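# Coordinates in review
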Amino acid sequence: MEFMTDVVAEAFGAGSDRATRFAELLAVHGVERGLIGPREVDRLWDRHLLNSVAIAECVPQGAAVVDVGSGAGLPGIPLAIARPDLSVVLLEPMARRIAWLEEVVTKLELTNVEVVRGRAEEKAIRQRVSDRDVATARAVAPLGKLAGWCLPLLRVGGQLIALKGSSAAEEIERDRDEIARAGGVDPVVQTCGRGLDEPATVVVVRRAEPAAGRHRRRR
Ligand SMILES: C[S@@+](CC[C@H](N)C(=O)[O-])C[C@H]1O[C@@H](n2cnc3c(N)ncnc32)[C@H](O)[C@@H]1O
């Protein structure tokens, strides 16, 4: 238990108490409200909170982040707790999950988080959530589809960080063309949180400069 306290303190720093409060909310109300399965309670820290916060080391200082398909708040809430320098939008289409996210943000007094309802690919969302430095996503869609949804929300040079686990390299190979068509370049697999029991395997894709003349009309 003491070991766990050290790991949490190292990962969340001054946000450790907030992270513990989030874990408690998930374990009780998250399960009651069907946001997380009852079997997840025993592995809330390793599989969910620590696995989520592991990506903090890949996110630049002061970045504007959008967490696409945040669900119960993963990875967006742990990231926002550990990194008060970030401004994080939690994007989620389902009303029930939006209500949960808003309650958690209020209870934890997370002043660096905004909750937005919608689908990443909607025009209204692209207008409202644009020029982000980083988009995160965990368990939302195959990589190619994610690239099409997330890259338009980023500034040129911004990064999609997709938590993918063991399928990461395979998804890059399978979806390489789709990623390129979506304007993504240099997809790479990275391991974040090497000190953890369950480090996070992510795919990082950068939004490229638009190709010169790509949208020019043919005469
Ligand atoms: C399996 S859950 C994962 C939730 C959370 N990221 C996690 O790791 O626990 C997938 C989430 O993506 C959301 N989602 C699905 N399609 C989406 C879209 N087009 N844009 C934004 N969110 C979407 C769903 O509503 C759901 O909350």
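Starting afresh in each chain, residues are numbered from 1 along the sequence in its written order. Selection of residues for local features in this predicted model requires a pLDDT of at least 70, selection of side-chain atom pairs for listing and counting requires 80 or more, and totals for whole chains, interfaces and linings are taken over all residues. No hydrogens and no water enter the side-chain calculation; it runs on all heavy atoms of the structure.

Within an unreviewed UniProt entry, the label attached to the protein reads Ribosomal RNA small subunit methyltransferase G, and the organism entered is Actinocrispum wychmicini. Of the comments in the UniProt record for the protein, the one headed Sequence similarities (unreviewed entry) reads "Belongs to the methyltransferase superfamily. RNA methyltransferase RsmG family." UniProt positions are given in the numbering used here, feature names are shortened, and annotations may be inferred rather than shown by experiment. Database annotation for the protein, UniProt heading Subcellular location (unreviewed entry): "Cytoplasm".

Once that is clear, we can look at the packing of aromatic side chains. Stacked, tilted and edge-to-face are the three classes assigned to paired rings of Phe, Tyr and Trp, where Trp is represented by its six-membered ring and a pair needs centres within 6.5 Å; plane angles under 30 degrees give stacked, over 60 edge-to-face, the rest tilted. Under the definition given, this model contains 1 aromatic pair. Aromatic pair F12 and W45: ring centres 6.3 Å apart, planes at 75 degrees, arrangement edge-to-face. In this pair, F12 sits in helix α1 (residues 2-12) while W45 sits in helix α3 (residues 44-53), placing the two residues 33 residues apart along the sequence. Think of it in three bands: residues with accessible area under 20% of the maximum for their type are buried, residues over 50% are exposed, and the middle band is partly exposed, with areas taken using a 1.4 Å probe on protein chains only. The buried category is assigned to F12, whose relative accessible area is 2%. Only DSSP runs of H or I covering at least 4 residues are called helices, and only runs of E covering at least 2 are called strands; the numbering of each starts at the N terminus.

Here we come to the UniProt feature "binding site: S-adenosyl-L-methionine" (unreviewed entry) in the protein. Mapped onto the present numbering, the UniProt feature "binding site: S-adenosyl-L-methionine" (unreviewed entry) falls at G69, L74, A120, E121 and R138. In what follows, a contact means two residues having at least one pair of non-hydrogen atoms within 4.5 Å. Contact partners of A120, with chain neighbours within four places excluded, come to V68, L91, I125, R126, W149 and L153. When you line up the elements, R138 lands in strand β4 (residues 132-138). Those residues in contact with R138 that lie beyond four places of it in its chain are R47, H48, N51, S52, L74, P75 and L163. Looking at R138, its side chain comes within polar contact range of the side chain of H48, at 2.8 Å. Polar contact is the term for a pair of N or O atoms within 3.5 Å; when the atoms are in protein, one must be able to donate a hydrogen and the other to accept it, and sequence-neighboring residues count only if both atoms are side-chain atoms.

This part covers the sheet that holds strand β7 (residues 200-207). Any two strands are treated as partners once DSSP identifies two or more bridges connecting them. If you trace the 7 strands from one edge of the open sheet to the other, you get β3-β2-β1-β4-β5-β7-β6, paired in mixed fashion. The open sheet has two free edges, formed respectively by β3 (113-117) and β6 (184-192), since each of these has just one partner strand. Each strand axis lies, on average, 20 degrees off the axis of its neighbour in the sheet, ignoring direction. Pairing between strand β2 (residues 87-92) and β3: 5 bridges, direction parallel. The residue of β3 that forms the bridge with E92 is R117. All axes here are fitted lines through C-alpha atoms, helices being fitted over the stretch that makes contact, and every angle between N-to-C directions spans 0 to 180 degrees. Along the sheet, α3 makes contact with β4, β5 (154-163) and β7, crossing β4 at roughly 160 degrees. On top of the sheet, helix α7 (residues 143-150) reaches β1 (64-68), β4, β5 and β7; it is set at about 145 degrees to β5, its chief contact.

This brings us to the nonpolar core. Core analysis: the largest hydrophobic core is formed by 50 residues, its most contacted members being F12, F22, W45, I77 and W100. Excluding its chain neighbours within four sequence positions, the residues that come into contact with W100 are F22, L25, L26, H29, G30, R33, L35, G71 and A72. Definition used in this section: a nonpolar core is a set of buried Ala, Val, Leu, Ile, Met, Phe, Trp, Tyr and Cys residues joined via side-chain atoms within 4.5 Å. If you look at the next biggest cluster of nonpolar residues, it comprises 26 residues, including V129, L146, V203 and V205.

For the rest of this paragraph, the subject is α7. Within α7, 6 of the 8 residues are buried, which leaves the element mostly enclosed by the surrounding structure. Buried within α7 we find L143, G144, L146, A147, W149 and C150.

The next subject is the site of the ligand. Only a single heavy atom is needed: when it lies within 4 Å of a molecule or strand, its residue is near that molecule or strand. Residues in contact with the ligand amount to 17 residues; listed here are only the nearest, L74, E92, R97, E121 and R138. Taking A120, its main chain carries an N or O atom lying 3.0 Å from a nitrogen atom of the ligand. Within the contact set of the ligand, an oxygen atom lies 2.6 Å away from a side-chain nitrogen or oxygen of R138. To measure how exposed things are, a 1.4 Å probe is used in the Shrake-Rupley method; for residues, cover is taken only from the protein chains shown. For the ligand, whose accessible area on its own is 600 Å², the fraction buried by protein is 80%.

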